[in-house]
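Geometric and topological summary
Spelled out, the chains give:
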Amino acid sequence: MTAVNTFAGGGLDRMGPRRTDAAWLAERRADPASRAVVATSAGVLVEDGGTPATVALAELPGDAEQDGLGVGGDGAANTAADPGPECGAALRPAASLVGLRDVAAMSALADANLLAHATGLLNWHRRHRFCANCGHATDSGEAGYVRTCPRCGAQHHPRTDPVVITLVHDGDRVLLGRNANWPERRFSCLAGFVEPGESLEEAVAREVGEEAGIAVDDVRYVSSQPWPFPASLMLGFECAYVSGEPHPHDRELQAVEWFTGDELRRAAAGEGDIAIPPPLAIARRLMDGWLRRAPERS
């Protein structure tokens, strides 16, 4: 079974069918057991160890954005709330506002998923307060999973942008790329957004061709990872090199290079001449998965 990626693997029942039940939602808001996860534009509110610092709904200011996340195993409702950075920090003075990337490395899997779910949903609300159809201010509904325009009636739902991220392999070597904005000597898998009218497999082949100037085949899905920075879903693939001389083809990357399995193992151990993404990233999961099978390809 494929290991669950960071930011995935939550245990909440999202209660989709109850989001239009006004009476049920009112009961959850009035229930003292209902809790809110605080996720502001400055970070998520956590205690030591990356545990979400939840607050009672009654503690939140009346104008704070509140969106339903789901119901936990204890039957209590979980909500995402954005009372603003200053108010968020004041709600729990002993807690800290921490960037989601930073807290993910120390949080339990379910906690990281809860924080990512809250962050992704609130990010969408921050960016979609006005109707894309007519420009009028929209109203939040269905526990935060739809925004409706009172002028033209258009409904807008939370958006997730699919991104393919791909490990290109050829025998006992893999092709990695480097963006000029990354830390020195950091290399990672090739990635790009899926465009309208193409399948995921076509997006993999196109992105690899555009970024590295090579042809690939045998595109195989591996796993996915929610990536709310601000609203992506990373879709992890492997593919096989077919032909072409790798080079930065569209100037998006500063360099593309082949690395052997031994070079990648040293990088994973924090040694050698290159750096690779941390374990929380799906790019690293793709590399680690390939390394476990690399001896069979030698």
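To keep things clear, this report deals only with the structure shown in the data block.

Cut-off values and rules
Residues numbered from 1 in each chain as written. Predicted model: local features only at pLDDT ≥ 70, side-chain atom pairs only at ≥ 80, totals over all residues. Heavy atoms only, no water. Helix = DSSP H or I, 4+ residues; strand = E, 2+ residues; numbered from the N terminus. Buried < 20%, exposed > 50% of the residue type's maximum accessible area, 1.4 Å probe, protein only. Contact = heavy atoms within 4.5 Å. Areas by Shrake-Rupley, 256 points an atom, 1.4 Å probe, with all protein chains shown as cover. Lys, Arg positive; Asp, Glu negative; His and termini not counted. Charge placed at Lys NZ, Arg CZ, Asp CG, Glu CD. Arc of directions from axis to C-beta. Phe/Tyr/Trp six-rings, centres within 6.5 Å; stacked < 30°, edge-to-face > 60°.

From N to C terminus, the protein includes seven helices and 15 strands. Per-residue burial for the protein yields a buried fraction of 46% across its 298 residues. Long-range contacts, defined here as pairs at least 24 residues apart, represent 64% of the contacts in the protein between residues at least 6 apart. In the structure as shown, the protein presents an accessible area of about 14,400 Å², 49% of it carried by carbon and sulfur atoms. Positive and negative side-chain charges of the protein, numbering 28 and 41 respectively, have mean locations separated by a distance of 2 Å.

Moving on, we come to the environment of P246. Structurally, the position occupied by P246 is in the loop between β14 (232-243) and β15 (255-260). The exposure class of P246 is buried, given its relative accessible area of 13%. In this structure the C-alpha to C-alpha distance between P246 and E211, which are 35 residues apart in sequence, comes to 8.9 Å.

All right, on to helix α6 (residues 261-268) then. Looking only at α6, the buried set comprises G261, L264 and A267. For α6, the angular spread of buried residues about the axis comes to 120°, placing them on one side. Of the residues one or two after α6, G270 is the one with positive phi, at around 80°.

What follows concerns unusual backbone geometry. A cis amide bond, omega 5°, links F229 with the succeeding residue P230. Positionally, P230 belongs in the loop between β13 (215-227) and β14. In this structure, E142 is a non-glycine residue whose phi angle is positive, near 50°. Residue class for E142 comes out partly exposed when judged on its relative accessible area of 32%. A positive phi angle, close to 70°, is found at R251, a residue other than glycine. Mapped onto the fold, R251 is located in the loop between β14 and β15.

Below, the discussion takes up the packing of aromatic side chains. Under the definition given, this model contains six aromatic pairs. Both rings, one in F187 and one in F259, keep their centres 5.0 Å apart while their planes meet at 70°; by these two values the pair is edge-to-face. Of this pair, F187 sits in the loop between β11 (173-178) and β12 (190-193) while F259 is found in strand β15, placing the two residues 72 residues apart along the sequence. By the burial criterion, F187 is buried, and F259 matches it. Ring geometry for W227 versus F229: centroids 4.8 Å apart, planes at 70°, classification edge-to-face. The buried category is assigned to W227, whose relative accessible area is 16%. An aromatic cluster of at least three residues, connected via ring pairs, comprises F7, W227 and F229.

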